[in-house]
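# Tertiary structure, described
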Amino acid sequence: MSFAEYKELIEHGDTAIIFLGHDSMFPVSIQQGGQTQTKYGVIRHSSDLIGKKYGSKVTCSKGGWVYILYPTPELWTMNLPHRVTVKNQDVCKEGFGVSDIADAVFLDIPSPVQRTCLVLAEHGFTEINTLEILLRVYDVRTINLQIPDLGRMTEDKGSSDGSDKSKQISTAQPECALFKSGVSPRETVGHTGYLTFA
């Protein structure tokens, strides 16, 4: 099973995400004959999951339901178990083990921006710029707003009754216009990235 490639059907040995709501989901390893307990009841892997499509709505034993989702990188990041194995390698001394085959390098190191910029400057690079990249999703909607009537002034110079009509307030209905509105969520789950150019 690969997080980089999507598959359609749930199979024995897969890791799937049980989605009960936006703030309630967890990973599960799919096993023939296995079962998973949720607050909505039991999910039986053999009869309820294996062979079904990812994204399916599954009814639990107590009548409640959940969605079974494919563990995309974003979902896996949100549900990653808090056990991490760290492998350190000093690429400055040991290198990457390959040469002349890469157009770009992505490094996850402590203080990456400052250290990278210092080393670039030491090796003669100039015009060093770093951009921060953070994915933010906006809820974009079309809304209908009234255009305010601020009392337009009209003049009637051709008046025959001699009354002063130089200042009249329009009583017409206010006009409306369509506008695009974008609102970002209050909380965003994501990972900041930095791009350094030199």
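A quick note: this is a predicted structure, and the numbers were derived from the prediction, not measured.

Going through the model one piece at a time under the given rule, you end up with 2 aromatic pairs. Between the aromatic rings of Tyr54 and Tyr70, the centroid separation amounts to 5.1 Å while the plane-to-plane angle is 85 degrees, which identifies the pairing as edge-to-face. With Tyr54 in the loop between helix 1 (45–49) and strand 5 (57–59) and Tyr70 in the loop between strand 6 (65–69) and helix 2 (73–79), this pair connects stretches of sequence that are 16 residues apart. Each member of the pair, Tyr54 as well as Tyr70, carries the same accessibility label: buried. Considering the side-chain rings of Trp65 and Tyr67, the 5.4 Å spacing of their centres and the 75 degrees angle between planes classify their relative orientation as edge-to-face. Trp65 sits in the partly exposed class, given a relative accessible area of 41%. Owing to a relative accessible area of 29%, Tyr67 belongs among the partly exposed residues under this scheme. The side chain of Lys57 reaches across the aromatic face of Trp65, ending 4.0 Å from its centre.

Now for the nonpolar core. Ranked by size, the top nonpolar core spans 14 residues in total, and within it Ile18, Ile43, Leu49, Val66 and Ile68 carry the most contacts. Taken together, the elements giving at least two residues each to this core come down to strand 1 (15–21) and strand 6. The element that contributes the greatest number of residues to this core is strand 1, accounting for 3 residues. Those residues in contact with Ile18 that sit more than four places away from it in its chain are Ser24, Met25, Phe26, Val28, Thr38, Ile43, Val66, Tyr67 and Ile68.

For the rest of this paragraph, the subject is helix 4 (residues 112–122). Owing to its 3.6 residues per turn, the α-helix brings residues three or four apart onto one side. The complete set of buried residues in helix 4 reads Val113, Cys117 and Leu120. Summarising the axial view, the buried residues of helix 4 lie within an arc of 65 degrees, below the 170-degree limit, and thus occupy one face. The exposed set on the far side of helix 4, more than 90 degrees from its buried face, consists of Gln114, Leu118 and Glu122. For helix 4, the elements touching its buried residues are strand 7 (129–133) and strand 12 (193–197). Gly124 occupies a position one or two residues after helix 4 and carries a positive phi of about 90 degrees.

Analysis parameters
- Residues numbered from 1 in each chain as written.
- Predicted model: local features only at pLDDT ≥ 70, side-chain atom pairs only at ≥ 80, totals over all residues.
- Heavy atoms only, no water.
- Phe/Tyr/Trp six-rings, centres within 6.5 Å; stacked < 30°, edge-to-face > 60°.
- Helix = DSSP H or I, 4+ residues; strand = E, 2+ residues; numbered from the N terminus.
- Buried < 20%, exposed > 50% of the residue type's maximum accessible area, 1.4 Å probe, protein only.
- Lys NZ or Arg CZ within 6 Å of the ring centre and 35° of its normal.
- Core = buried A, V, L, I, M, F, W, Y, C linked by side-chain atoms within 4.5 Å.
- Contact = heavy atoms within 4.5 Å.
- Arc of directions from axis to C-beta.

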